[in-house]
Amino acid sequence: MGPANPWLLSNCRLEEGCHLFDSMFVVLISKFFTRALHHIVIKISIAMLSKKLVSCVILDLDGTLLNTDGVVNDVLKALLVKLGKQWDSKAAHKIVGKTPYEAAAIIVQDYGLQCTIEDFGSEITSLFSDQWCNIKPLPGAERLLKHLRCHGVPMALASNSPRVNVESKISFHPGWKESFSAIVAGDEVRSGKPSPDIYFEAAKRLNVEPSNCLVIEDSLPGVLAGKAAGMEVVAVPSLPKQHHLYTSADEVINSLLDLQPEKWGLPPFQDWIDGTLPLEPWHIGGPVIKGYGRGSKMLGIPTANLSTEAYAAVLSEHPSGVYFGWAGLSTRGIYKMVMSIGWNPYFNNTEKTIEPWLLHNFNEDFYGEELHLTIVGYIRPEANFSSLESLIARIHEDGRIAERALDLPIYSRYKDDPYLRCTLPGAW
Ligand SMILES: [Mg+2]
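Conventions we followed
- Residues numbered from 1 in each chain as written.
- Predicted model: local features only at pLDDT ≥ 70, side-chain atom pairs only at ≥ 80, totals over all residues.
- Helix = DSSP H or I, 4+ residues; strand = E, 2+ residues; numbered from the N terminus.
- Buried ≥ 20, exposed ≤ 12 C-beta atoms within 10 Å, placed from the backbone.
- Contact = placed C-beta atoms within 7 Å.
- Pairing = 2+ DSSP bridges.
- Axes fitted to C-alpha atoms, helices over the stretch in contact; angles between N-to-C directions.
- Expected span 1.5 Å × (residues − 1).
- Arc of directions from axis to C-beta.
- Core = buried A, V, L, I, M, F, W, Y, C linked by C-beta atoms within 7 Å.
- Right-handed = clockwise from strand over helix to strand, strands pointing away.
- pLDDT = per-residue confidence, 0-100.
- Parallel < 35°, antiparallel > 145°, perpendicular 65-115°, else oblique.
- Left-handed = near helix turned anticlockwise from the far one by under 90°.
- Nonpolar A, V, L, I, M, F, W, Y, C, P; charged D, E, K, R; others polar.

Participant: Before we move on, could you go through the overall build of the protein and cite the residues and values that matter?
Facilitator: What the protein contains, in helices and strands, is 15 helices and 12 strands. The proportion of buried residues among the 428 residues of the protein is 34%. Contacts in the protein between residues far apart in sequence, at least 24 positions, make up 66% of those at least 6 positions apart.

Participant: Can you break down the sheet that holds strand β10 (residues 333–342) residue by residue, with the values?
Facilitator: One open sheet holds the 6 strands; their spatial order is β8-β7-β12-β9-β10-β11, and the pairing between them is antiparallel. At either margin of the open sheet sits one strand with a lone partner, and together these are β8 (305–306) and β11 (353–358).

Participant: Before we move on, could you go through unusual backbone geometry and cite the residues and values that matter?
Facilitator: Of the consecutive residues Lys 193 and Pro 194, the connecting peptide bond is found in the cis state with omega at 15°. Note that Pro 194 resides in the loop between β3 (182–184) and α9 (197–206). At Asn 207, a residue that is not glycine, the phi angle is positive and equals roughly 65°. Classification of Asn 207 as exposed rests on a count of 10 C-beta atoms within 10 Å. Residues other than glycine seldom take positive phi values, yet Asp 274 does so here, at roughly 50°. On the secondary structure map, Asp 274 appears in the loop between β6 (251–252) and β7 (277–289). Residue class for Asp 274 comes out exposed when judged on the 11 C-beta atoms lying within 10 Å of it.

Participant: Please give an account of helix α10 (residues 220–228) that cites residues and values.
Facilitator: Within the sequence span of α10, burial applies to Leu 220, Gly 222, Val 223, Leu 224, Ala 225 and Gly 226. In the core, the buried residues of α10 are packed alongside α9, β4 (213–217) and β5 (232–235).

Participant: Run through the pairing of strand β9 (residues 321–329), naming residues and quoting values.
Facilitator: Among the 9 residues that make up β9, 9 are buried, leaving the element largely enclosed by the rest of the structure. Sheet topology places β9 next to β10; 9 bridges connect them, and they run antiparallel. Residue Gly 321 lies in a different strand from β10, and its bridge partner there is Ile 341. Remark: 3 residues form the turn of the hairpin made by β9 and β10, two consecutive strands paired antiparallel; Thr 331 in that turn has positive phi of roughly 70°.

Participant: Can you explain the sheet that holds strand β2 (residues 155–158)? Please cite residues and give values.
Facilitator: Strand pairs in the sheet, formed through backbone hydrogen bonds, run parallel or antiparallel to each other. Pairing in this open sheet of 6 strands is parallel, and the strands run β3-β2-β1-β4-β5-β6 from one edge to the other. Here the strands that pair on one side only, and so sit at the sheet edges, are β3 and β6. As paired strands, β4 and β5 are joined by 4 bridges and run parallel to one another. The partner of Glu 217 across the bridge, within β5, is Ala 235. Of the strands in this sheet, β1 (56–59), β2, β3 and β4 are in contact with α9, which crosses β3 at around 160°.

Participant: Report on helix α5 (residues 117–129), specifying residues and quantitative values.
Facilitator: Over its 13 residues, α5 extends 18 Å from the first C-alpha to the last, a length consistent with the 18 Å expected when each residue adds 1.5 Å. Listed as buried for α5 are Phe 120, Gly 121 and Phe 128. Take α5 and look down its axis: the buried residues cluster within an arc of 100°, on one side only. Pointing more than 90 degrees away from the buried face of α5 are the exposed residues Glu 118, Asp 119 and Ser 126. Residues of α5 that are buried in the fold lie against α3 (68–82) and α4 (100–110).

Participant: Outline the nonpolar core, listing residues and values.
Facilitator: Core analysis: the largest hydrophobic core is formed by 85 residues, its most contacted members being Ile 58, Ala 156, Tyr 199, Phe 324 and Met 337. Counting residues in each nonpolar core, the second largest holds 6 residues, with Val 96, Ala 104, Ile 107 and Phe 120 among its members.

Participant: Please set out the pairing of β4 residue by residue, giving values where relevant.
Facilitator: For β4, the tally of buried residues reaches 5 of 5 residues, placing the bulk of the element in the interior. By the bridge criterion, 4 bridges tie β1 to β4 in an arrangement that is parallel. Across the sheet, residue Leu 59 finds its bridge partner in β4, namely Ile 216. Chirality of the crossover, the property in question, places the unit of β4, α10 and β5 among those that are right-handed.

Participant: Before we move on, can you summarise the environment of Tyr 323 with the specific residues and values?
Facilitator: Its place among the elements puts Tyr 323 in strand β9. By C-beta crowding, Tyr 323 is classed as buried, having 27 other C-beta atoms within 10 Å. For the pair formed by Tyr 323 and Asp 398, sequence separation is 75 residues and the distance between their alpha carbons is 8.8 Å. For Tyr 323, the contacting residues outside a window of four places in its chain are Met 339, Ile 341, Ile 375, Gly 377, Tyr 378 and Ile 379.

Participant: Tell me about the confidence of the model for the protein, and name the residues and values.
Facilitator: Looking at the protein, pLDDT values average 83 and 82% of them are 70 or higher. Residue range residues 40–48 is modelled with pLDDT below 50. Its contacts to residues more than four positions away, or to other chains, number 0 contacts.

Participant: Tell me about the packing of α3 against α5, and name the residues and values.
Facilitator: Look at α3 against α5: their axes get within 10 Å of each other, and the N-to-C directions meet at 130°. Comparing the axis directions of α3 and α5 gives the class oblique. Crossing geometry of α3 relative to α5 is assigned as right-handed. Where α3 approaches α5, its residues Val 71, Val 75 and Leu 79 are matched on the opposing element by Glu 123, Ile 124, Leu 127 and Phe 128.

Participant: I'd like to hear about the packing of α4 against α5, residue by residue, with values.
Facilitator: Taken N-terminus to C-terminus, the directions of α4 and α5 make an angle of 115°; their axes are 9 Å apart at the nearest point. As judged from the angle between their axes, α4 and α5 are roughly perpendicular. For the crossing formed where α4 meets α5, the hand is right-handed. Residues Pro 100, Tyr 101, Ala 104, Ala 105, Ile 107 and Val 108 of α4 pack against Ile 117, Phe 120, Gly 121, Ile 124 and Thr 125 of α5. Grouping the amino acids of the contact of α4 with α5 by side-chain chemistry returns 9 nonpolar, 2 polar and no charged.

Listed below in structure tokens is the structure:
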């Protein structure tokens, strides 16, 4: 016999029909423990959640809401060529999140430019200004602003850029300026990020305690600034393969599409349907090329790869992750499709690839055929896996999710998208 268990003893007494005192005793003890347990659970829950409950959101602008990196790259590339230098886009991380002056100082020094920081700064500022109208919102930015606005969650914008630039950039996006209860720019505080000044000022203008604020940031200096201000910080790194550097953030997500506001006590998004997020449809297409041979050889999942060279610009606009939609294949027809975009952490690719998997059994390869894709939804961020088996299992799960979702009217109507049909025989 093991040690006596008080609950078993009590139950035995009840079953044996012992007198009323024992029954009352058991009931009282049960109530006591139930209440005690209830209080403990509530206290633990509050302790776990209290750190995360916020009432306001403070957003960074460049690289968080706006896809500024593409424009910055283009401008610097062209300017440095004029100065006899070659822009190294792999070193872009050095200037992300810096003030314009700091960024200019880094470039002047790194490229050994024969000009002052001020002169270089004013030249790139003027070139950038001409491009503000071309900066697109990052995927999920419009959705997030609309969601928070509709639920009355106060928002502030906190950017290292000067006020005039911030105002100019957001002026091209209807409704953005009105969404923010406060806008704090780099020239309105003593020090830019990573100093917490901007975030303290934003909380002050929102009239809330810093601990009630959730910061959303793409850069490391921005994350450090938010934490130094005592705020909860979600990092959305704008540069690839940087997640491991964001150890001070409370959460690191792949893109704004993956933000879960309810984790921070804010209203959840309601637009997910059966494990999928509907997207504004977008297109990509071209001849099917030979990939790495992994699709069919290693995984048993034959992907119809597209050239990344021709579509690098389109791919750069979309976060890595798993998407789905419809595929039009010249000479054959239209098929359901699930695809990954990204660096495929399991294989640690060096370039961003697109690997569509047509959900149909083909008897032969179709390299060289024209493939047009209409992407209509998102399933999940890119992830790493501990084994090839778990990667394969997850890809099949993604396939099942896409297969089911594409029967829903919200997605099935895009099967008639003219973009898919223009590759088919007899089409115009
Ligand atoms: Mg930023």
